[in-house]
Amino acid sequence: MLKGRGWFGGGLWKNKNPHSLEHLRYLYNVLSKNQVVQESNRGLLVETLRSIAEILIWGDQNDSSVFDFFLEKNMLSFFLRIMKQKCGSYVCVQLLQTLNILFENIKNETSLYYLLSNNHVNSIIVHKFDFSDEEVMAYYISFLKTLSFKLNVHTIHFFYNEHTNDFPLYTEAIKFFNHPESMVRIAVRTLTLNVYRVNDQSMLQFIRDRTAAPYFSNLVWFIGNHILELENCVRSDVDHNSRGRLSHLVAEHLDHLHYLNDILKLEITTLNAVLADHLLNRLLVPLLVYSLSPHQDKDDRPRISSVVSLFLLAQVFLIVSHAPLVRALAKIIFHGDNSIFSEDTVILQGQRLVRRGFVAPEEPLEKSLQAKTSSGSGSNSSHSPGGSLPREGAGGSEGAIAESTQASGGLSIDQEAEEAALCRELRISTPAADIMASIGISDLEATHVNITDEEKEQLRASDQAGGIVDVGLTERSLTFRPFLQSTIVSLECSDDDYASLFALCLLYALGHNPGINQDLLDMAVAGGSTMDTRSLYNTLLVDKMLEIITLSCQYNSRVRVATLEMAILVLKQLIGVGSSSRRKNTSCLRDHHLAALEGAREEATLMLRNFYKSEEIFLDMFEDEWHEMHRKPLNVEFLLQDASVLLPPAGTPLTGIDFNKRLPCGEVERARRAMRVFFLVREISLAVRDEPDTHLPLTNPAACVQVADVLDLNNSDLIACVVIPRDGQRTKRFLVIDVIQLILVEPDLKRLGWGVAKFVGFLQDLEVTGDKDDSRVLHLTIHRPSASSGATGRPTTPLLSAKFIFDDHIRCMAAKQRLMKGRMKARQRKLHQIARLLELPGHLQPCPSPPAHALHTMRQEAHRRGLSRVGVADGRSRSQSHRPMFNVTRVPGFALKREGVLGQQTTSDTEEHPTNCTGRSESQSPSRSSRQSSRQPSASHERVSRSSSRPRPRSEEIPMEDMMTPGGVPQVSPPMSKMYAEFSYSVSTIGVRKKRGKFFNGYQP
């Protein structure tokens, strides 16, 4: 009745289906009736706007008539009317949210064109919202970012008006580049990158002429102030109390560098020239490079500490790869001096003046944009045709461009011209100077590198004589290169390595930057790849690296592990370790440098000997540190992302800093550091001589039994058991105890006498305990290798934690004995491997106190043991100073893979795990045998002769086959025959194993 009388009007009757054209008509009528926003209808308008977005998205995918109606009624005009009424943040937020959802979800290009066709979107963009409201600001910038993702060569003309020279989407967004909220700044960077990716020359020309200089100058000034804030935070946070704020500042600076690099990688020549110019002349050179020079009196220029400067420069070379920019910056560091900071620093480039120095822009960005916009479109006539822009010295730099094109391969002519212009502005050498090392010494006079005539004569004479050339750096040449001299001086770490770490990072980043050509590095830092490495590398820098390595090998050294790793990386870079041109088994260092490196290795070995102990934790720490160092090698990029390295080196784990980035605390951490130093120095020593590492890791994974391997179980001692893990599932297995592994097998149904490994674990990581209530039960826990000691502090679940139930208490007791004995011998075996690795004398036993032997005595002992190994035919290293672990030919639990050969397996096991033990030497055997014979005076002549010939083996060392007669009857005394018959296994002539009258495979003979 109400509908018939028209109380709500025919169009106001709400349709039951919200996704239909009728419902959109209903919403249109609601907007028509409520065009004036009041307190009473705000809720209705907000719900209407939300419903309109939902229907339009549905219509975009299902019914095109929905969009036709929306455009026919021009419903976007209602949005504009609502915004202009100062309706408050409640309605504006819903309006912006509706637009954001609408443009984000539309997939049909035709529908998108319809929405953008009437210029209402640009009117919404330029509307003056109340940006003091955080919610309005968030939805507005999100709306702009969503629109930027829709930009392409077809849609760009809906936003950029070429006739009026107006681009509100871009100009309104960049006004918030320095907004206090980080999410707003990130959205602005994303939007600008989306705009720059559109390949439209007229639009890019507008950005270059109207917005590039104001935007980039203000952006560089903002980044510079951020650097000063980071410097103040480092100075005030000596006690590591504000690491959270410092981490935030470092992360923000990294975002800035990545954003600048993303712009440069788009290879838009017009934009890159402006951006590189502002970065060099207003940030990198006047703030970062200038801070490397010593502080002078009456100098009020802003500067930062040399530590922060090295840290930030290393980040620049690690992230930014634009060749003209990084090459010009590298040349300033290598060859520049303080003359580039003279007073006449006003440069005319193109049609604008650029003041070199870290100075504020002449006016804020918003004011600059308004002035540019109000100047009209008449400046278009000054543009050169085809979109090309006037560049500084375009006519006079043709010769330099031609020279540089031949000098540097891989760069375009535009990049070479840009680099030449930057070099001329900065008063450094042209790109042709990059190839000094390759074009000959006679061309040195044509360059502007600071080098004396005496040095030129020396280099020319050495080149003619064909002798060894110390390229790049000398002590004398450093006096003319203050920035490079400051970097080299920072490598001194006799007191601490605070600045040395960042100087090493800078050298590493210079060598790995793809934008810096190899010729420039050959001249200033690294060695060339076309000549013999021994005749061409930087002696001064190699000396510095070896000094750091030697200092790190001292007991109370202040050099952190991370600094040592960086020094080794730079040393490899300098001498070309790993290059394809090296000859096999040859050293790439000169003799005196190789001697210094070997001396450092000896010092590292001696330092680790002081911590060599027989406690179980030493072996676990040794293996854990080796695996940890190889599992997580040093990543320089991640290292420079850690803000904690900017603070003075800490000496306590309470700071939460990683172990390799701080000083050790306590004896345990000093032992860990000694292990890592030993590993690193030993590794670089082997790498320099191009020798493989045949001793580490202590366990060769290739020689171990793996899960699912098929094993030959003939002549092996098996103990049947029921394994009950934590989940309660019972499985019947056979326990095999190998030399270093515990193996659980099940019979192979395809082949008699063979089994399949279902679980393997190392005996050294085993924990075994009995059960108080049941004498047939053992509780076994096998830890993962990386967590066996708990030294790393990472709680991990064990590899196996289960209850083992045996047939009787005799088998349970025998299994426990063999497990404990196997664990002890496996650990002793590896301790002896470590002792041989440290070149400890064979007659010494590991003890908590450091050995008081001189290096000469230990060397003589190592030489004697080395001579005894020469006589081995196959070259395998075996020590003859200890008693073998087993006095029998078959080891209990010995297992062979199906695909291997028995002789090869025995050889590999002997080679990988030498059977020596310092705990019991052969010299103890006569005394022990004499004591045994004295205790049994009434024994027979046969037993006396057997005891005098060799020691009596223990019960767990007696293989089961030795207890059996040829007929299969145990040789035991009558009182013990019943117990041994149940304990032993007999092997018949056809290889079928019996147990209590039952056969292993279930078949009857």
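Residues numbered from 1 in each chain as written. Predicted model: local features only at pLDDT ≥ 70, side-chain atom pairs only at ≥ 80, totals over all residues. Heavy atoms only, no water.

Undergrad: Run through the overall build of the protein chain, naming residues and quoting values.
TA: When you go through the protein chain residue by residue, the secondary structure sums to 38 helices and 14 strands. Counting only residues that meet the buried cut, the protein chain has 51% of its 1005 residues in that class. Within the protein chain, contacts between residues at least 6 apart in sequence are counted, and of these 71% link residues at least 24 apart. Of the roughly 46,800 Å² of accessible surface on the protein chain, 51% is carried by carbon and sulfur atoms. (Helix = DSSP H or I, 4+ residues; strand = E, 2+ residues; numbered from the N terminus. Buried < 20%, exposed > 50% of the residue type's maximum accessible area, 1.4 Å probe, protein only. Contact = heavy atoms within 4.5 Å. Areas by Shrake-Rupley, 256 points an atom, 1.4 Å probe, with all protein chains shown as cover.)

Undergrad: Pulling in residues and values, what's your account of the packing of helix α30 (residues 616-631) against helix α33 (residues 809-837)?
TA: The angle between the axes and the distance between the axes are what describe a pair of packed helices. For the pair α30 and α33, interaxial distance at closest approach is 10 Å and the crossing angle is 65°. The chirality of how α30 crosses α33 is left-handed. In this structure, α30 uses E616, F618, L619, D620, F622 and E623 to contact α33, whose residues at the interface are R823, R827, K830, L831, I834 and L837. For the contact of α30 with α33, the per-class residue count stands at six nonpolar, no polar and six charged. (Axes fitted to C-alpha atoms, helices over the stretch in contact; angles between N-to-C directions. Left-handed = near helix turned anticlockwise from the far one by under 90°. Nonpolar A, V, L, I, M, F, W, Y, C, P; charged D, E, K, R; others polar.)

Undergrad: So, helix α13 (residues 201-236): which residues are in play, and what are the values?
TA: With 36 residues, α13 ought to run about 52 Å at 1.5 Å a step, and its terminal C-alpha atoms sit 49 Å apart, in line with that. Along its length, α13 shows its largest kink, about 60°, at T211, and proline P214 lies within four residues downstream of that point. (Expected span 1.5 Å × (residues − 1). Bend = angle between axes of the 7 residues up to and from the residue.)

Undergrad: Lay out helix α9 (residues 134-148) in plain terms, naming residues and giving numbers.
TA: Note on helix geometry: an α-helix contains 3.6 residues per turn, so any two residues three or four positions apart are oriented the same way. In this model, α9 (15 residues) spans 21 Å end to end at C-alpha, consistent with the 21 Å of a helix rising 1.5 Å per residue. For α9, the complete set of buried residues consists of V136, M137, Y140, I141, F143, L144, T146, L147 and S148. A side-chain oxygen of the first residue of α9 lies 2.9 Å from the backbone nitrogen of E135; this N-cap is D133. (Polar contact = N/O pair within 3.5 Å; in protein donor to acceptor, adjacent residues only side chain to side chain.)

Undergrad: Go over the packing of aromatic side chains with me, naming the residues and quoting the values.
TA: Aromatic rings considered in pairs are described by the distance between their centres and by the relative angle of their planes. Per the stated rule, a full pass over the model turns up 24 aromatic pairs. Consider the rings of Y28 and F78, whose centres lie 5.8 Å apart with planes at 80°: the pair is edge-to-face. With a gap of 50 residues between them, Y28 in helix α2 (residues 21-33) and F78 in helix α5 (residues 76-83) connect regions that are remote in the sequence. Both residues of the pair, Y28 and F78, count as buried. Members of the aromatic cluster, joined through ring pairs, are Y160, F167, Y170, Y196 and F206. Just above the ring of F659 sits the side chain of R672; from NZ or CZ to the centre is 4.2 Å. The residue whose ring lies beneath K830 is F762, and the NZ or CZ to ring-centre distance is 5.5 Å. (Phe/Tyr/Trp six-rings, centres within 6.5 Å; stacked < 30°, edge-to-face > 60°. Lys NZ or Arg CZ within 6 Å of the ring centre and 35° of its normal.)

Undergrad: Any chance you could break down the environment of D497 for me, citing the residues and the numbers?
TA: With respect to the helices and strands, D497 occurs in the loop between α24 (482-489) and α25 (500-512). Considered as a pair, D497 and P648 are 151 residues apart in the sequence and their alpha carbons are 9.1 Å apart. If near-sequence neighbours (up to four positions away) are discounted, D497 is found in contact with R558, V559, R560, T563 and P649. A polar atom in the side chain of D497 sits 2.8 Å from the backbone nitrogen of R560.

Undergrad: Give a detailed account of the side chain of T539, specifying residues and quantitative values.
TA: Inspection of the secondary structure assignment puts T539 in helix α27 (residues 539-552). Taking relative accessible area as the criterion, T539 reaches 13% and is therefore assigned buried. Of the polar contacts made by the side chain of T539, one reaches the side chain of R590; its length is 3.2 Å.

Undergrad: An account of unusual backbone geometry is needed here, citing residue identities and associated values.
TA: Residues L696 and P697 are joined by a peptide bond in cis, for which omega reads 0°. Looking at the secondary structure, you find P697 in the loop between α32 (666-689) and β3 (710-712). With phi around 55°, E267 is a residue other than glycine that occupies positive phi space. Inspection of the secondary structure assignment puts E267 in the loop between α14 (243-265) and α15 (269-289).

Undergrad: Requested: an account of the pattern of salt bridges, with residues and values cited.
TA: The tally for this structure, following the rule as stated, stands at 28 salt bridges. R682 is paired through a salt bridge with D693; the nearest N and O atoms lie 2.7 Å apart. In this pair, R682 is assigned in helix α32 and D693 in the loop between α32 and β3, connecting sequence segments eleven residues apart. The shortest N-O distance in the salt bridge between D808 and R811 comes to 2.6 Å. Pair check on accessibility: D808 and R811 agree, each one buried. Residues joined in a network through salt bridges with shared partners are E47, R50 and E54. (Salt bridge = Lys/Arg side-chain N within 4 Å of Asp/Glu carboxyl O.)

Undergrad: Which residues make up the environment of R185, and what values go with them?
TA: Within the fold, R185 resides in helix α12 (residues 182-196). The class for R185 is buried, based on a relative accessible area of 7%. Along the sequence, R185 and K175 sit ten residues apart, while their C-alpha atoms lie 9.9 Å from each other. If we skip the residues at most four places from it in the chain, R185 touches F176, F177, N178, H179, P180, F222 and E252.

Undergrad: With reference to specific residues and values, describe the pairing of strand β4 (residues 719-725).
TA: Along a regular strand, successive side chains alternate from one face of the sheet to the other. With respect to burial, β4 is a largely interior element, six of its seven residues being buried. The hairpin turn running from β4 into strand β5 (residues 731-737), its antiparallel successor, is five residues long, and G728 in that turn takes a positive phi close to 85°. Pairing between β4 and strand β10 (residues 800-806): five bridges, direction antiparallel. Along β10, the bridge assignment pairs P725 with A802. (Pairing = 2+ DSSP bridges.)

Undergrad: Please provide a residue-by-residue account of the packing of helix α6 (residues 89-105) against α9, values included.
TA: Two elements in contact, α6 and α9, have axes separated by 9 Å at closest approach and are oriented at 20°. Classified by the angle their axes make, α6 and α9 are roughly parallel. Crossing angle aside, the handedness with which α6 passes α9 is left-handed. Between α6 and α9, the contacting residues are S89, V93, L96, Q97, L99, N100, F103 and E104 on the first element and E135, V136, Y139, Y140, S142, F143, T146 and L147 on the second. Grouping the constituent residues of the contact of α6 with α9 by class yields nine nonpolar, five polar and two charged. (Parallel < 35°, antiparallel > 145°, perpendicular 65-115°, else oblique.)

Undergrad: How would you sum up the confidence of the model for the protein chain? Please name residues and give values.
TA: Per-residue confidence for the protein chain averages 74 on the pLDDT scale, and 66% of its residues sit at or above 70. Across the protein chain, the element-wise mean pLDDT spans from 27 in helix α21 (residues 436-439) up to 95 in α12. For the stretch residues 1-12, pLDDT sits under 50, and the model shows nine contacts to residues farther than four places along the chain or on other chains. (pLDDT = per-residue confidence, 0-100.)

Undergrad: Tell me about the side chain of D709, and please be specific about residues and values.
TA: In this structure, D709 sits in the loop between α32 and β3. Residue classification places D709 among the buried positions, given a relative accessible area of 13%. A polar side-chain atom of D709 sits 2.8 Å from the main-chain amide nitrogen of Q706.

Undergrad: I'd like to hear about the environment of S716, residue by residue, with values.
TA: With respect to the helices and strands, S716 occurs in the loop between β3 and β4. On the basis of relative accessibility, which here comes to 1%, the residue S716 falls in the buried class. In sequence terms S716 and D738 are 22 residues apart; their C-alpha atoms lie 9.7 Å from each other.

Undergrad: So what's going on with the pairing of β5? Residues and values would help.
TA: Of all seven residues that make up β5, five are buried, and the element is covered over most of its length. Summarising the sheet, β4 and β5 pair through five bridges and their orientation is antiparallel. Considered in β5, the bridge of I719 is made with L735. Counting the residues that bridge the hairpin from β5 to strand β6 (residues 741-747) gives three residues.

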